[in-house]
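Chain by chain, the residues run as shown.
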Amino acid sequence: MVTKVKTQKKTTAKTLKGLVQMSLIPAQTEVERMVDYFKQDMNFKDIRITVNIETEGSRQCYGHFTEKEVYKSTIDNKGSYELKISSEHLDRTALEIATTVRHELVHAKNTELKVRDTSNQGIYHNGKFLDMAVKYGLEMHEKTKQNGYGLTKGFNPIYEAIVLQELKPDDNAFTLVRIATEKKRKEKSPTKMRKWTCECGNNVRYAGEDLDSTHNTCGTAYTLADTTK
């Protein structure tokens, strides 16, 4: 005997009603297109780069290029560096994001040439970074104590015109931005220690309610100090 089983299509459709899947694929694709465009005049020889869009984490920056190969191909076992664009800063224009991509590719070029262009865990950018950044069309802000030459103004006017005409950065690719989480300040716990003093003015700290002790010099007992004065 053949038993017919009723399908659950209606129930499934009803359960999934209202589900909208949002995707970072357009942003990822556009950043990869930027990398493909910019690498043309940078003459990379033998370096692999993997583009990623993820949270800025504790770095609080627009992008990051890893100092080491953090990916490995399952096909040929070769390593790949990561060029990361921070998802908290995808609400900028596509041209501004393109300057970040170019900035990180400057790090990639220096990495390939074995030129160390940063210190302090990649925060401070030295003069070698500045030289390469200017060479590849970037304008940098004045040197700061914390970042060195790490703050990007944008492209120089001539290179910006070329980028707008040839690359045509697509603002429509960036329609999602990660909500930045507030960094909670650790509130200092109030001290449990209390101040006690003797007649000669010597002070000690003690957390208990009663301090059964005297000062050896003046021989008077310690009493709880009046901290309101």
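This write-up is about the structure you can find in this document. Everything quoted here is computed from the prediction, not taken from an experiment.

## Section: the layout of surface pockets
Next up, step 1: Approximately 910 Å³ is the volume found for the largest pocket.
Next up, step 2: When contributions to the lining of the largest pocket are tallied by element, the ones reaching two or more residues are strand S2 (63–65), helix H3 (94–112) and strand S8 (152–155).
Next up, step 3: Broken down by element, the residue count for the lining of the largest pocket peaks at eight residues, all from H3.
Next up, step 4: In terms of residue class, the lining of the largest pocket is built from six nonpolar, 19 polar and nine charged.
Next up, step 5: Its boundaries defined by the atoms lining it, the second largest pocket holds a volume of some 230 Å³.
Next up, step 6: Along its surface, the second largest pocket is lined by Glu32, Val35, Asp36, Lys39, Phe44, Ile47, Arg48, Ile49, Thr50, Val51 and Leu105.
Next up, step 7: At the level of secondary structure, the elements contributing two or more residues to the lining of the second largest pocket comprise helix H2 (25–38) and strand S1 (49–54).
Next up, step 8: Taken together, the residues of the lining of the second largest pocket sort by class into six nonpolar, one polar and four charged.

## With respect to unusual backbone geometry
Next up, step 1: At Gln60, a residue that is not glycine, the phi angle is positive and equals roughly 55°.
Next up, step 2: Of note, Gln60 is situated in the loop between S1 and S2.
Next up, step 3: Its identity as a non-glycine residue notwithstanding, Asn77 has a phi of 70°, on the positive side.
Next up, step 4: Mapped onto the elements of the fold, Asn77 is located in the loop between strand S3 (71–72) and strand S4 (79–86).

## A closer look at the packing of H2 against H3
Next up, step 1: Their axes nearest at 10 Å, the elements H2 and H3 cross at an angle of 55°. If you check the angle between H2 and H3, you find them oblique. For the element pair H2 and H3, the recorded crossing hand is right-handed. Here Val31, Met34, Val35 and Phe38 of H2 come into contact with H3, specifically with Ala94, Ile97, Ala98, Val101, Arg102 and Leu105.
Next up, step 2: By residue class, the composition of the contact of H2 with H3 is nine nonpolar, no polar and one charged.

## Considering the pairing of S4
Next up, step 1: For S4, a buried count of eight out of eight residues is recorded, marking the element as mostly surrounded by other parts of the structure.
Next up, step 2: Here S4 shows a buried face lined by Gly79, Tyr81, Leu83 and Ile85 and a second buried face lined by Ser80, Glu82, Lys84 and Ser86.
Next up, step 3: As defined by bridge partners, S2 adjoins S4 across three bridges and the pair is classed as antiparallel. Within the sheet, the bridge partner assigned to His64 lies in S4 and is Lys84.

What counts as what
Residues numbered from 1 in each chain as written. Predicted model: local features only at pLDDT ≥ 70, side-chain atom pairs only at ≥ 80, totals over all residues. Heavy atoms only, no water. 1 Å grid on protein atoms, 1.4 Å probe; cavity = no way out; pocket = protein on both sides within 12 Å on 5 of 7 lines; lining within 4 Å. Points joined across faces, edges and corners; volume = space filled by probe spheres on them. Helix = DSSP H or I, 4+ residues; strand = E, 2+ residues; numbered from the N terminus. Nonpolar A, V, L, I, M, F, W, Y, C, P; charged D, E, K, R; others polar. Axes fitted to C-alpha atoms, helices over the stretch in contact; angles between N-to-C directions. Parallel < 35°, antiparallel > 145°, perpendicular 65-115°, else oblique. Left-handed = near helix turned anticlockwise from the far one by under 90°. Contact = heavy atoms within 4.5 Å. Buried < 20%, exposed > 50% of the residue type's maximum accessible area, 1.4 Å probe, protein only. Pairing = 2+ DSSP bridges.

Take it as geometry only, folks, not as evidence of what the structure does.
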